[in-house]
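Take a look at the letters that make up each chain.
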Amino acid sequence: MTLLNPPSSDILVTVKNMTKTFNTGKGLHKRQVHALRNVSFELKKGRALALVGESGSGKSTVARLLTRMHLHNSGEVLYRGQDINEFNTHRELAQYRKNIQMIFQDPYGSLNPAHTIYHHLARPLFTHGHVKTKIQAIEKVNDLLRLVELDPEATASKYPHQLSGGQRQRVSIARTVAIGAEIILADEPTSMLDVSIRLDILKLLNKMKNEQDMTFLYITHDIATARYFAEEIAIMYQGQIVEWGNTSSVIDNPQHPYTQLLLSAVPNPHISFTEAAIEGSELLEQANTIREKSMAPIVETVEYNSQHFYAQHD
Amino acid sequence: MTTSQSLSQATEQPTLVIKNLCVDYLLDESEFRAVDNVSFNINKGEIFGLAGESGCGKSTIAFAISQLLRPPAYISGGEILLNGDNTLTMDKKTIAKTRWSKVSMVFQSAMNSLNPVLTIEEQFRDMFYRHKGYDETESAKRAGQLLELVGINPNRLKDYPHQFSGGMRQRIVIAIGLALNPDLLIMDEPTTALDVVVQREILLQIHALRKEFGFSVLFITHDLSLMTQLCDRIGVMLKGELVEVGKAKDILLRPQHPYTQKLWQSIPAAFEQNIAEQRATNTREVFA
């Protein structure tokens, strides 16, 4: 892939006013679902952007569009300055997909039960030409397993069902490294894992971010892990990004009503529900109003500080 | 284990009493003890939480209560008393009646437990017919009320499960669970797949509904923060054993068992500690 005008080398992916509409239903029930409306963000090298929102807010659609599993309707997605819609030949597309990889939520579903862990990791190594011989492959697979803190001797010959959820998620992570990805779209990578394992996986992702300079789009609905892992955060609601910026600034000083609603709902063990009942009922009453207001198209963005912005609606 | 168990229940009979419960799984040559000598009570109208990582036996207890364990799992000892009646000695017919009308259950993947080829109205119909003998119109009417209870517009009764979001499907399942006014609602990771706002809404509804209807809840989750907010008392399980039982506040502020302390440390915090406590103080001031 040739780069004519590499923009600032920091920014790997630029998304500008991305819009995606799905058509559903037939005949009289035909309707359009606006999954994404004018979504813009940037992914910077060696940093993580957390995309936070409720289910159905469009955060996974962003990942699908970035990997070109779907095509966006309008707007631009630039990878190192190049429009991804222009990758039309098989080779260009394969090259692009090599660089941008996904880790899925369900480690039980994303590995093939009929193949060993060695196979899962060696296959991308061969297809992408990272290794030529079996000896090289075995060595590389062992390196990869060590990287994700699994024991190579014990793990390589095992099948997915012989591993725990956390171990499987580690294999998925190793697989993205095997392919040689520089950008990882992690779609709820820890939400199906045990609490006691979640932090370990996040630590591993953090290590890869810091040591290997990998770039992450971290899709989650868990504010706590977003705070732990991502430098920047974008809050999505109904296909629009309503507030974005520096993670701690957004979490500690939320400006948009939906962000405030979201944050007030994050479990805080210091407030019991009995104590929060009054505040809670207010929240419930307001929730629908806030939702309705936040549904409206964004007309203006306001700068809270140089690294923290929020949207205003009609 | 029994030290901090509530002593204030002398007058009223607890909804659920579990005494020295043991559940074993038969393996090829040995047995695996999934639940080891567990005892706890759930009082009337109380929300009791069971915490622990997966595989520690918390779901097995939930299944044991409603007698849904399938071989190779079997209850090898102990007693389960529901309103004073031993469920382990009940005959099949009584158990079938007890399930759902006395004990209902919302499973972790509950939103996938709706039948994809039936409308929401039809999902209610079977249960109402079997337990109450309602006809179609009656069941639809009651189903509509229940949907409203969990915050779903009743005019969606004729829709199919795939037309609802995950959170809505989960609420529908909770509505089905509450349909017969059970004494005990068992919720096994009911909101794990949902986002926090929906989770808060659903749980506040449960919190309010149990005040209104007086049912007890056995709440199973691995989210300790959430559990501390919602539950009155919490039991922490480790490898089949109940290692600590206490009031939610004590589990939060004075965890005794090293495993409970470890569980707390494994959760990244959304807010800085001082901010979290500050908000708590503010709420209390508003409340007072």
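Everything numeric in this text was worked out from a predicted model, so none of it was measured.

Conventions and cut-offs
Residues numbered from 1 in each chain as written. Chains lettered and ligands numbered in written order. Predicted model: local features only at pLDDT ≥ 70, side-chain atom pairs only at ≥ 80, totals over all residues. Heavy atoms only, no water. Helix = DSSP H or I, 4+ residues; strand = E, 2+ residues; numbered from the N terminus. Expected span 1.5 Å × (residues − 1). Buried < 20%, exposed > 50% of the residue type's maximum accessible area, 1.4 Å probe, protein only. Pairing = 2+ DSSP bridges. Phe/Tyr/Trp six-rings, centres within 6.5 Å; stacked < 30°, edge-to-face > 60°. UniProt positions renumbered as here; feature names shortened; annotations may be inferred. Axes fitted to C-alpha atoms, helices over the stretch in contact; angles between N-to-C directions. Contact = heavy atoms within 4.5 Å.

**Concerning helix H6 (residues 165-179) of chain A**
All names here are of chain A. Here H6 spans 21 Å end to end across 15 residues, near enough to the 21 Å set by a 1.5 Å rise per residue. Across the 15 residues that make up H6, a large majority, 13, are buried. Gly180 sits one or two positions beyond H6 and adopts a positive phi of about 95 degrees.

**Comments concerning the pairing of strand E2 (residues 31-42) of chain B**
Residue and element names in this part refer to chain B. The pairing of strand E1 (residues 16-26) with E2 spans eight bridges and is classified as antiparallel. Following the sheet pairing, Val23 is matched in E2 by Val35. Connecting E1 to the antiparallel partner E2 that follows it, the hairpin turn spans four residues.

**Brief notes about the packing of aromatic side chains**
Taken as a whole, this structure holds nine aromatic pairs over all chains when the rule is applied. Plain terms: the ring middles of Tyr237 of chain A and Tyr258 of chain A are 4.4 Å apart, the flat faces sit at 35 degrees to each other, and that makes the pair tilted. In this pair, Tyr237 of chain A is assigned in strand E9 (residues 232-237) and Tyr258 of chain A in helix H10 (residues 257-265), connecting sequence segments 21 residues apart. Among the residues examined, Tyr237 of chain A registers a relative accessible area of 3% and is labelled buried. Judged by relative accessible area, which is 0%, Tyr258 of chain A ranks as buried. Considering the side-chain rings of Phe124 of chain B and Phe128 of chain B, the 6.2 Å spacing of their centres and the 15 degrees angle between planes classify their relative orientation as stacked. Of this pair, Phe124 of chain B and Phe128 of chain B both sit in helix H3 (residues 120-132), four residues apart, roughly one helical turn. Considered together, Phe124 of chain B and Phe128 of chain B belong to a single accessibility category, that of buried residues. One aromatic cluster is present, built from ring pairs that chain together Tyr79, Phe87 and Tyr96 of chain A.

**A few points about the UniProt feature "domain: ABC transporter" (unreviewed entry) in chain A**
If you check UniProt for "domain: ABC transporter" (unreviewed entry), the listed places come out as residues 13-263 of chain A in our numbering. Overall, residues 13-263 of chain A shows 39% helix and 27% strand. The separation of its end C-alpha atoms is 28 Å.

**Some points on the sheet that holds strand E3 (residues 48-53) of chain A**
Residue and element names in this part refer to chain A. Spatial ordering of the open sheet is given by E6-E7-E8-E3-E9-E10-E12-E11, a layout of eight strands whose pairing is mixed. Bordering the open sheet on either side are strand E6 (100-103) and strand E11 (298-305), each of which pairs with just one other strand. Averaged over all pairs of adjacent strands, the angle between strand axes in this sheet comes to 20 degrees, irrespective of strand direction. Strands in contact with helix H7 (residues 195-211) are E3, E6, strand E7 (183-187) and strand E8 (215-220); relative to E8, the strand with the most contacts, it is inclined by about 155 degrees.

**Overview of the side chain of Gln229 of chain B**
One can find Gln229 of chain B in helix H7 (residues 224-230). Once you skip the residues sitting within four places of it in the chain, Gln229 of chain B turns out to touch Pro267, Asn268, Pro269, Ile271, Ser272 and Phe273 of chain A together with Arg200 of chain B.

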